[in-house]
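Overview (structure and organization)
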Amino acid sequence: MERRADPTRSALIVIDMINTYDHEDAELLVPSVEQVVPHVTELLGRAREADAPVIYVNDNFGLWRSHHGELLDAALSRPHSHLIEPIRPDDHSLFVLKARHSVFFETPLSYLLWSLDVGHVVLTGQVTEQCVLYSALDAHIRHLEVTVPKDAVASIHPHLASAALEMMERNMGARIVAAKETDFDALT
């Protein structure tokens, strides 16, 4: 008999926030990241307090021999380390490396969520109109409940981010809320 995940068990997914910001469009992204870091930090604290799994899913930037510690060290050694320090993984955080936009594409995240009995994901991080959008779609087609705290996702192009949030809500049934309205104890 196939086990179905508990739709009230939540996990916080932190997308691509371990970042060196030395890539194309970084100058457009950084101001948005500066605005969302306090909200992501607050969500991390609340998720940990609720004993919800915290899973960082991050680009590997083509460094196929690296691991999450090396990515974190590289990001912390760069000029924008102030964006990394408040949201750095703790000893209980889980970490999944990805190579493409979606957190699910050819990663073990689906299996990890299933093994943790998670049926609801809270997507935070960057970039709203790219990785967050594609991850929300992939979560939706996997029958996961999705919440996106609109003040905890960063964008390069605000008008595209607004459209992406609307698409997630209308087309995927995602809950688009403020970070302070995000509940890790149960879906409301």
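As a starting point, this report considers the structure included with it.

Calculation rules
Residues numbered from 1 in each chain as written. Predicted model: local features only at pLDDT ≥ 70, side-chain atom pairs only at ≥ 80, totals over all residues. Heavy atoms only, no water. Core = buried A, V, L, I, M, F, W, Y, C linked by side-chain atoms within 4.5 Å. Buried < 20%, exposed > 50% of the residue type's maximum accessible area, 1.4 Å probe, protein only. Helix = DSSP H or I, 4+ residues; strand = E, 2+ residues; numbered from the N terminus. Contact = heavy atoms within 4.5 Å. Phe/Tyr/Trp six-rings, centres within 6.5 Å; stacked < 30°, edge-to-face > 60°. Polar contact = N/O pair within 3.5 Å; in protein donor to acceptor, adjacent residues only side chain to side chain. Axes fitted to C-alpha atoms, helices over the stretch in contact; angles between N-to-C directions. Parallel < 35°, antiparallel > 145°, perpendicular 65-115°, else oblique. Nonpolar A, V, L, I, M, F, W, Y, C, P; charged D, E, K, R; others polar.

**Focus on the nonpolar core**
Ranked by internal contacts, the top residues of the largest apolar core, which has 31 residues, are Leu12, Ile18, Tyr21, Val33 and Leu44. Sort the elements by how many residues they give to this core and helix H1 (residues 26-49) lands first, with 10 residues. Apart from the residues lying within four places of it in its own chain, the contact partners of Leu12 are Leu43, Leu44, Ala47, Pro53, Val54, Ile55, Val122, Thr124 and Phe184. Core analysis: the second largest hydrophobic core is formed by 29 residues, Ala11, Val103, Leu109 and Ala164 among them.

**Points about the packing of aromatic side chains**
The tally for this structure, following the rule as stated, stands at two aromatic pairs. Seen in terms of ring centroids, Tyr56 and Phe95 are 6.2 Å apart; in terms of plane orientation they differ by 10°. Their pairing is stacked. A residue pair is termed long-range when its members are at least 10 positions apart, and Tyr56 in strand E2 (residues 54-59) and Phe95 in strand E3 (residues 94-98) qualify at 39 residues.

**Some remarks on the side chain of Lys98**
With respect to the helices and strands, Lys98 occurs in strand E3. You can call Lys98 buried: its relative accessible area is 2%. Polar side-chain contacts of Lys98 include one of 2.9 Å to the side chain of Asp59. The contacts of Lys98, once residues within four sequence positions are left out, are Ile15, Asp16, Val57, Asn58, Asp59, Asn60, Val103, Thr107 and Cys131.

**Looking at the packing of helix H4 (residues 128-141) against helix H5 (residues 158-172)**
Closest axis-to-axis distance for the H4/H5 pair is 9 Å, and the angle between their directions is 5°. Here H4 is positioned roughly parallel relative to H5, judged by the angle of their axes. Residues Thr128, Glu129, Val132, Leu133, Ala136, Leu137 and His140 of H4 lie in contact with H5, whose contacting residues are Leu160, Ala161, Ala164, Leu165, Met167, Met168, Asn171 and Met172. Split by residue class, the contact of H4 with H5 holds 11 nonpolar, three polar and one charged.

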